[in-house]
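Close look at the chain arrangement
Each chain is listed here by its residues.
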Amino acid sequence: MMRSTSRTHGSKKEQRSRGLLSREKKENNNDHKPCTKHKTLIAEDVENMFQEPYTLTGYRLSNQPWSYYIASLWWVHNETVNVWTHLIGCVLLVVHAVYLGMRLDRFRDSRAGLMVVFALTCFFCNLFSSLAHLLHTKSAKHHYVLFFVDYAGIFIYLFGSCFYTLYMCSSPEQYLAVKLFFLPTAMIACYMSFVAFLLARLKFQKVEHQWKRKVLMVCVILMLMTIILPITGRYVGCFQDEGCSVKSQSLITVVFVFLVLQGVSFTAMLPERVRPGTFDIWGHSHQWFHVLVTGTQQLQLHALHVDYVERGRAAHVDTPLSSLLVTLGLLMAMQAVTIRLVTPAIERKVAEGPTTVGSESGEVLGKSDGAELIDQHGESEL
């Protein structure tokens, strides 16, 4: 009886040890398998470069298969709204452009061509932004490259806004004065600003330095705004004409109010600055920035149709569609070559060593104001 009991206990111990070993094997195997759960992390558990100021939760895992990030399009995390706002913007642009194209002879009317090219610049901006926000946490190298592509889309759209103001907003005198050199100048300014963005991203990547990067970006945008000066001709001419009402410029005014609001939402980082962690998923300032960008693009297309087509305010303009397409294509080619040329610099930066988890000081920006929120969230499952 004693022997049988000891054998029974021995067999139980063996079964227990086997169970523990099999469990350990499963856990070890899971470490190498892609994450299948909709798991998100707190800021302290992700690399510094993936962190956003005052955003404490909702981060996705890095170094997962591409399918993980593509599937995350349907999950809830801190990039979900950023992705969908511009994807919806792409759909709205296609619908709006098709509607306007149906009202014009898209093969004979040069105005239709101008609208299509402008809508195309907006589409590239939204598409590149959505892809960057969806896929950037794949790895450190992909993070850099995808946001460089995002910046390329931004300046493609800004170049579109430059020729938009020339062909729709300029007075006859301004148009005659600048039409020969405006497109090349706008293209060069957009390209140089794009390069400045790349350098800012490489130099000020860490979360505690992001305010410097944003200041540099705003300075570049302000520099670029000087090229959008053709708009002033409309207002100056209206003030000098007693029969003109400033209300007639309402569409253009609203567009530029939206542009100012974009700058404010991009730099102020409100409301997340006030309550870190509260707006990680919904209501973040960058989400509002995306909404404003999409709204501005729709307003620009509407104003282009009303002023340029229905009211004939740009009758003095001849639209050089071929020159426009060549200049746009040259800008995009220069951007692509530049991204390729800076790829070795990205690889060197990544090879310097893995970026630290959390900031160098050991604190996540915004944690001091929202420590309780981090403690409450912990590692979240969404």
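Above this text sits the structure in question.
Right, let's walk through the structure included here. (Residues numbered from 1 in each chain as written. Predicted model: local features only at pLDDT ≥ 70, side-chain atom pairs only at ≥ 80, totals over all residues. Heavy atoms only, no water.)

**Observations regarding the overall build of the protein**
Helix and strand counts for the protein come out as 13 helices and zero strands. Sequence-ordered secondary structure for the protein, helices as α and strands as β, is α-α-α-α-α-α-α-α-α-α-α-α-α. Within the protein, the fraction of its 382 residues that count as buried is 48%. A fraction of 78% describes how many contacts in the protein between residues 6 or more apart in sequence connect residues 24 or more apart. Carbon and sulfur atoms make up 65% of the accessible area of the protein, which amounts to about 19600 Å² in all. (Helix = DSSP H or I, 4+ residues; strand = E, 2+ residues; numbered from the N terminus. Buried < 20%, exposed > 50% of the residue type's maximum accessible area, 1.4 Å probe, protein only. Contact = heavy atoms within 4.5 Å. Areas by Shrake-Rupley, 256 points an atom, 1.4 Å probe, with all protein chains shown as cover.)

**Observations regarding the pattern of salt bridges**
In total, this model carries one salt bridge according to the counting rule given. Close ionic contact of K141 with E347 constitutes a salt bridge, the shortest N to O distance being 3.0 Å. Remark: E347 occurs in helix α12 (residues 321-351) and K141 occurs in helix α5 (residues 140-169); sequence separation between them is 206 residues. (Salt bridge = Lys/Arg side-chain N within 4 Å of Asp/Glu carboxyl O.)

**Side note on a nonpolar patch on the surface**
A cluster of nonpolar side chains, V94, V98 and M102, forms an exposed patch at the surface whose accessible area comes to about 310 Å². The topology assignment puts V94 in helix α3 (residues 80-102). (Patch = residues over 30% accessible without salt bridge, like charges linked within 9 Å, V, L, I, M, F, W, Y side chains within 5 Å.)

**Observations concerning the packing of aromatic side chains**
Remark: the centre distance and the inter-plane angle together describe each pair of aromatic rings, the angle taken between the planes. Inspection of the entire model under this criterion finds 12 aromatic pairs. Aromatic side chains Y68 and W75 sit 5.1 Å apart centroid to centroid with 70 degrees between the ring planes, which places their arrangement in the edge-to-face category. Residue Y68 shares its accessibility class with W75, and that shared class is buried. Ring centres of F124 and F128 lie 5.6 Å apart, and the angle between their planes is 25 degrees; this geometry places the pair in the stacked category. One end of the pair is F124 and the other is F128, both in helix α4 (residues 110-135) and four residues apart, which spans about a single turn. The burial state of F124 is the same as that of F128; both residues are buried. Chaining the aromatic ring pairs together yields one cluster made of Y68, Y69 and W75. Over the face of the ring belonging to F147 we find R201, whose NZ or CZ atom lies 4.4 Å from the ring centre. (Phe/Tyr/Trp six-rings, centres within 6.5 Å; stacked < 30°, edge-to-face > 60°. Lys NZ or Arg CZ within 6 Å of the ring centre and 35° of its normal.)

**Description of empty space enclosed by the protein**
All chains considered together, the criterion is met by two cavities of 30 Å³ or more. Here the second largest cavity defines a volume of roughly 30 Å³. Considering the residues around the second largest cavity, the lining is formed by A97, L100, G101, A112, M115 and V116. Of all the secondary-structure elements, those providing two or more residues to the lining of the second largest cavity are α3 and α4. For the lining of the second largest cavity, the class distribution of residues is five nonpolar, one polar and no charged. (1 Å grid on protein atoms, 1.4 Å probe; cavity = no way out; pocket = protein on both sides within 12 Å on 5 of 7 lines; lining within 4 Å. Points joined across faces, edges and corners; volume = space filled by probe spheres on them. Nonpolar A, V, L, I, M, F, W, Y, C, P; charged D, E, K, R; others polar.)

**Notes on α5**
For α5, built from 30 residues, the straight-helix expectation of 44 Å at 1.5 Å per residue is met to within 8% by its first-to-last C-alpha distance of 42 Å. With respect to burial, α5 is a largely interior element, 25 of its 30 residues being buried. (Expected span 1.5 Å × (residues − 1).)

**Focus on unusual backbone geometry**
Here the amide bond leading from L270 into P271 is cis, since omega sits at 15 degrees, within 30 degrees of zero. Among the secondary structure elements, P271 is positioned in the loop between α10 (250-268) and α11 (285-310). Backbone geometry places Y54, a non-glycine residue, at a positive phi of 65 degrees. For Y54, the position within the fold is in the loop between α1 (2-32) and α2 (66-71).

**Overview of the nonpolar core**
If you look at the biggest cluster of nonpolar residues, it comprises 60 residues, and the most contacted ones within it are F148, F159, F163, Y167, F194 and I252. Mapped onto this core, the elements with two or more residues apiece are α3, α4, α5, α7 (182-203), α9 (231-240), α10, α11 and α12. Of the residues forming this core, the biggest block, 17 residues, is contributed by α5. Setting aside residues no more than four positions away along its own chain, F148 makes contact with F194, L198, R201, L202, I339, V342 and I346. Core analysis: the second largest hydrophobic core is formed by 15 residues, A43, L61, L73 and F147 among them. (Core = buried A, V, L, I, M, F, W, Y, C linked by side-chain atoms within 4.5 Å.)

**Section: the packing of α5 against α12**
At their nearest, the axes of α5 and α12 sit 10 Å apart, and the two run at 155 degrees to each other. One element, α5, and the other, α12, form an angle in the roughly antiparallel class. Read as a crossing pair, α5 and α12 show a hand that is right-handed. When the residues that make up the contact of α5 with α12 are grouped by side-chain class, the tally is 19 nonpolar, three polar and three charged. (Axes fitted to C-alpha atoms, helices over the stretch in contact; angles between N-to-C directions. Parallel < 35°, antiparallel > 145°, perpendicular 65-115°, else oblique. Left-handed = near helix turned anticlockwise from the far one by under 90°.)

**Section: the side chain of T327**
Secondary-structure assignment places T327 in helix α12. With near-sequence residues (within four places) excluded, T327 lies in contact with F159, L183 and M187.

**Brief notes about the environment of L261**
Inspection of the secondary structure assignment puts L261 in helix α10. On the accessibility criterion, L261 (39% relative accessible area) is partly exposed. Sequence separation between L261 and T296 is 35 residues; the distance between their C-alpha atoms is 10.0 Å.

**Some points on the packing of α5 against α7**
Two numbers describe how α5 lies on α7: the axes approach to 9 Å, and their chain directions differ by 155 degrees. Our classification of the angle between α5 and α7 gives roughly antiparallel. Classified by chirality, the crossing of α7 by α5 is right-handed. Across the contact of α5 with α7, the residue classes tally to 21 nonpolar, three polar and one charged.

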